[in-house]
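Spelled out from the first residue to the last, the chains are:
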Amino acid sequence: MAMPILELRKLTKRFGNLIALREFDLDINQGELIGVIGPNGSGKTTLFNLISGYYRRFEGEIIYRGKRISGLRSDQIARKGIARVFQSYVLYEDATVLENITRCFYLICKTNSWQSFFNTSRYCKEEVTQRAEAEELLQPVGLAEFRDSLAGKLPYGYCRLLALAMALATNPTLLLLDEPMAGISHEEKGLVINLIKKLGDQGITIMLVEHDVKAVVDICPRLVVLDFGRKIADGSPEEVTTDRKVIEAYLGVEEG
Amino acid sequence: MPPVAVWMDGLLLSSIYILIASGLVLVFSIMGIVNFAHGQLYMLGAFLIYYMFARAGINYFVSLIITAVAIGLLGIAIERGLLRPLAPNGLLPPVVVTLGLIFLFEGIATLFFGPAKKAVPSAVPGVSSIGALTVSNEKLVVVAIAVAVMIGLYFLVSHTRMGLAMRASAQDPYTASLYGVRRGRTLSQTMFIGCALAGIAASLMAPLYFVDPWIGLTPLIMALLAIVIGGLGSVLGAVVGGALLGFSGTFLIYYLGPWSELTAFLIVIAVLLLRPEGIFGRPRA
């Protein structure tokens with residue numbers, strides 16, 4: 001039996017008296033595409049904040065590829081291959097789409113500042129291969145035609161695609177997608193869904209937090225449902241959408 | 001048209017304002033706070049130059065580099081030891097600490113170096129004539145070094161990985177960290193560079209003016225005005241703002257005498273009325 005790529009053990013995060021996440025357990029296998037849904041304030045984003053190292057103080061353990069990563073800094077976690085994509089965030093608005101991606105390679109890559117400062121041959125060589133790699137990344141994401149546009153001028157939905165491409169530039173094994181479908185048009189949604197499916201086919205493990213339940217059911221073979229910081233369901237979309245507790249959480253309990 | 005010598009002095013003053021203002025704005029754009037003790041770091045740098053170059057007789061350029069590094073390291077110590085531990089409590093506590101450091105550093109300087117004005121001899125004596133114009137070598141060297149440093153800073157920020165990390169961190173520290181940027185290291189690098197710029201400015205200015213524990217205030221105010229004019233958070237803005245204040249200051253001293261001090265503030269008021277976000281600033285939501 002394969003070892004899970006990510007093991008979450010009794011994760012609990014408190015904000016004062018509020019318990020945002022309560023003894024949350026989850027195993028994610030390599031290559032799995034898993035959707036996390038739940039009503040507003042159910043702890044979905046807190047979960048991502050714990051995994052990606054935004055919060056470093058919490059109870060429980062996070063084990064990634066057999067090693068404990070809870071308590072590490074977010075940049076250390078990123079370097080281990082866990083990429084988190086925000087709803088929409090362009091780091092360098094004044095740079096082109098292609099440059100945004102090469103800069104991501106650049107931030108992660110091995111040459112240090114001194115080498116790049118003096119333009120050593122190794123740095124130049126890396127730059128050439130990086131440009132080629134960046135162009136390759138733009139193709140599947142559907143941004144090839146925008147490669148020379150300024151990132152700050154991209155339509156909203158395409159910023160989302162760019163954020164995804166930038167995350168891919170860090171060559172992740174585990175991708176955390178934080179509401180990639182929020183606030184974008186129907187066509188753009190189609191693009192994002194196709195891309196996520198494609199990435200799943202490539203063997204990247206993906207965790208998807210999303211409000212759009214229909215889209216998640218469409219993409220993910222496995223769903224986890226959170227309510228008030230607790231996991232209330234974990235299974236296939238059919239099991240989960242017919243689960244009584246899930247329906248109650250979303251629709252409320254009928255009194256009387 | 002003012003005489004060429006006045007233009008030269010304007011260039012000189014601008015260089016210094018630009019060096020100080022860009023250090024201040026660099027730190028501001030990444031840490032989100034104004035380091036009010038920036039002028040006192042400049043003052044400590046001037047004393048370092050005085051003791052190394054004027055008293056111990058160490059080569060001027062060596063003294064300059066040591067001063068820049070020493071003030072840069074002091075900046076890192078302030079960031080790590082005082083500002084970073086306070087960061088989780090919001091922006092106000094670290095800002096208040098930098099205000100307190102003004103008095104600490106001025107007190108230390110008065111106690112150990114004494115309140116008397118000290119003179120630093122010319123580092124590069126002699127004069128050069130360019131066409132009909134005769135300029136002291138000292139001033140030429142100051143302007144040349146300032147220009148070289150600013151070109152270096154531009155290259156550092158725009159073309160190196162460190163600079164990329166800084167700019168990413170200025171946009172959003174957490175998102176930057178998702179791409180592997182180490183927040184702590186970027187903060188230290190920024191503070192080092194920003195404060196080293198103050199050390200360089202002090203080294204350049206010390207031979208032209210006198211040194212005492214209170215010389216930090218005017219440069220700080222001028223630098224603050226420069227970055228308000230140029231737009232908070234923009235190094236280019238600091239350059240333009242510094243140049244505007246430097247040239248207008250010298251021209252108006254030439255024409256108006258003591259009234260010139262007023263002009264810096266009039267310029268700020270005019271800019272803020274016409275363009276509240278500063279010349280290169282972006283409106284903030």
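Fair warning: this is a prediction, and the values are worked out from it, not measured in the lab.

Asks: Talk me through the pairing of strand 9 (residues 222-227) of chain A; I want residue IDs and the actual numbers.
Replies: Residues and elements named next belong to chain A. Two strands pair when backbone bridges link them, and strand 3 (residues 33-37) and strand 9 are joined in this way by four bridges, in the parallel orientation. Note that in strand 9 the partner of Ile-34 across the bridge is Arg-222. The sheet contact formed by strand 9 and strand 10 (residues 230-235) spans five bridges and is antiparallel. Within strand 10, the residue paired with Leu-223 across the bridge is Gly-235. Remark: two residues form the turn of the hairpin made by strand 9 and strand 10, two consecutive strands paired antiparallel; Phe-228 in that turn has positive phi of roughly 45°.

Asks: Describe in detail unusual backbone geometry, supporting the description with residues and values.
Replies: Residue and element names in this part refer to chain A. Of note, Asn-171 is a non-glycine position whose phi angle comes to about 55°, a positive value. Residue position: Asn-171 is located in the loop between helix 6 (156-169) and strand 7 (174-178). Although it is not a glycine, Phe-228 adopts a positive phi angle of roughly 45°. For Phe-228, the position within the fold is in the loop between strand 9 and strand 10. On the basis of neighbour counts, which here come to 16 C-beta atoms within 10 Å, the residue Phe-228 falls in the partly exposed class.

Asks: Give a description of the sheet that holds strand 7 of chain A that names residues and reports values.
Replies: All names here are of chain A. Strand order in the open sheet made by the six strands is 6-7-8-3-9-10, with mixed pairing throughout. Where the open sheet ends on each side, the last strands, each with one partner, are strand 6 (82-85) and strand 10. Averaged over all adjacent pairs, the angle separating strand axes in this sheet is 15°, with direction ignored. Judged from the four bridges that link them, strand 6 and strand 7 form a sheet pairing that is parallel. When the bridges of strand 7 are listed, Val-85 appears paired with Leu-177.

Asks: Quick one: what's the story with the domain arrangement of chain A, residue by residue and with numbers?
Replies: How big an interface is tends to be expressed through the accessible area that disappears when the partners come together. All names here are of chain A. The domain architecture assigned to chain A consists of domain 1 (6-90 + 154-251) and domain 2 (91-153). If you list the elements that add at least two residues to the side of domain 1 that touches domain 2, you get helix 6 and helix 7 (186-201). The residue inventory of the side of domain 1 that touches domain 2, partitioned by class, reads 13 nonpolar, one polar and two charged.

Asks: Give me the sheet that holds strand 4 (residues 59-64) of chain A: which residues, what numbers.
Replies: Residue and element names in this part refer to chain A. If you trace the four strands from one edge of the open sheet to the other, you get 2-1-4-5, paired in antiparallel fashion. What marks the edges here is a single partner per strand, and that holds for strand 2 (18-28) and strand 5 (67-68). Sheet topology places strand 4 next to strand 5; two bridges connect them, and they run antiparallel. Paired with Tyr-64 across the two strands is Lys-67, which belongs to strand 5. Sheet strands touched by helix 1 (residues 44-51): strand 1 (6-15), strand 2 and strand 4. Its angle to strand 2, the strand with the most contacts, is close to 65°.

So, how was this worked out
Residues numbered from 1 in each chain as written. Chains lettered and ligands numbered in written order. Predicted model: local features only at pLDDT ≥ 70, side-chain atom pairs only at ≥ 80, totals over all residues. Pairing = 2+ DSSP bridges. Helix = DSSP H or I, 4+ residues; strand = E, 2+ residues; numbered from the N terminus. Buried ≥ 20, exposed ≤ 12 C-beta atoms within 10 Å, placed from the backbone. Axes fitted to C-alpha atoms, helices over the stretch in contact; angles between N-to-C directions. Domains from an automatic or database assignment. Nonpolar A, V, L, I, M, F, W, Y, C, P; charged D, E, K, R; others polar. Contact = placed C-beta atoms within 7 Å.

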